[in-house]
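# Coordinate analysis (summary)
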Amino acid sequence: MYNGLTFDNLNSNEKLYVLNEEGAYNEATSSQILATARNVADQLLMSKQPLNNPDLVKNFLVGKLAGLEHEVAAIIFLDSQFQLIRYIEMFHGTLSQASVYPREIAKVALRLNASAVIMSHNHPSGHAEPSMADRKLTKNLQKSLGLLDIKLLDHILVAGASSLSFTEAGYL
């Protein structure tokens, strides 16, 4: 939910407007809307509240990853109180896949002194069902990070305005 607006109550027939340099309102472009959504998403995690609420994290990640035309794998690095250390879009791929390397995630987590991470990636196709490769990656990442005492809290898949939490779905 963003200021009382949820993705469920958006009407595709509604128009949004932006103020131009001359003081007139023009219909907002998709790029302007997505850029604003990404800024709003950043504000969701600005407070130092623990990120142990899947709905808050899913809304943040939908704001960051929805609308991208290629797969992006992002990691949220957290401290021992599950507060945000850093959000990093680590891997960029093609329309249907992105190569993710647990070793690289572990290196960054150790450098940031993170005790937990949340993995996320988008499906530009809009299909919110995890593939077998997604599930295998999640298990491999959980095992790899676990050896370093870094907890994988969740893997969140973003597909358009919808998302799926692996933890909530029982995959993790």
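Notes on the structure in this doc start here.

## Comments concerning the side chain of Asp154
- For Asp154, the position within the fold is in strand E6 (residues 151–159).
- Salt bridges are absent for the buried Asp154, whose nearest opposite-charge side chain, Lys58, sits at 7.2 Å.
- A distance of 2.5 Å separates polar atoms of two side chains, one belonging to Asp154 and the other to Ser165.
- Setting aside its immediate chain neighbours within four residues, Asp154 contacts Val117, Ile118, Met119, Ser165, Phe166, Thr167 and Leu172.

## So, the sheet that holds strand E4 (residues 84–92)
- On the basis of which strands lie adjacent, the open sheet formed by five strands has the order E4-E3-E5-E6-E7 and mixed pairing. With partners counted over all chains shown, the strands left at the sheet margins are E4 and strand E7 (162–165), one partner each. Recorded for the sheet is a direction-independent mean angle of 20° between the axes of neighbouring strands.
- One ladder, built from six bridges, connects strand E3 (residues 72–78) with strand E5 (residues 116–122); its direction is antiparallel. Within the sheet, the bridge partner assigned to Ala73 lies in E5 and is His121.

## Side note on helix H3 (residues 102–112)
- Three or more residues of H3 are buried, namely Ile105, Ala106, Val108, Ala109 and Leu112. Looking straight down H3, one finds its buried side chains confined to an arc of 165°; they lie on one side. The outward face of H3, more than 90 degrees from its buried face, is lined by the exposed residues Arg103, Leu110 and Arg111.
- Buried residues belonging to H3 abut E3, E4, E5 and helix H4 (132–146).
- Note on H3: the residue one or two positions beyond its end, Asn113, has a positive phi of about 60°.

## A short note on the layout of surface pockets
- Approximately 290 Å³ is the volume found for the second largest pocket.
- Residue lining of the second largest pocket: 16 residues in total, with Glu71, Gln97, Ala98, Ala133 and Asp134 positioned closest to the centre.
- Those elements that place two or more of their residues in the lining of the second largest pocket are E5 and H4.
- The greatest single-element share of the lining of the second largest pocket, amounting to three residues, is contributed by H4.

## Here we look at unusual backbone geometry
- Within the chain, Asn113 stands out as a residue other than glycine whose phi angle is a positive 60°.
- We note that Asp149 has phi near 60°; this positive angle belongs to a residue other than glycine.
- Counting through the fold element by element, Asp149 comes out in the loop between H4 and E6.
- Residue Asp149 is classed as exposed on the basis of its relative accessible area, which comes to 69%.

How each quantity is defined
- Residues numbered from 1 in each chain as written.
- Predicted model: local features only at pLDDT ≥ 70, side-chain atom pairs only at ≥ 80, totals over all residues.
- Heavy atoms only, no water.
- Helix = DSSP H or I, 4+ residues; strand = E, 2+ residues; numbered from the N terminus.
- Buried < 20%, exposed > 50% of the residue type's maximum accessible area, 1.4 Å probe, protein only.
- Lys, Arg positive; Asp, Glu negative; His and termini not counted.
- Salt bridge = Lys/Arg side-chain N within 4 Å of Asp/Glu carboxyl O.
- Polar contact = N/O pair within 3.5 Å; in protein donor to acceptor, adjacent residues only side chain to side chain.
- Contact = heavy atoms within 4.5 Å.
- Pairing = 2+ DSSP bridges.
- Axes fitted to C-alpha atoms, helices over the stretch in contact; angles between N-to-C directions.
- Arc of directions from axis to C-beta.
- 1 Å grid on protein atoms, 1.4 Å probe; cavity = no way out; pocket = protein on both sides within 12 Å on 5 of 7 lines; lining within 4 Å.
- Points joined across faces, edges and corners; volume = space filled by probe spheres on them.

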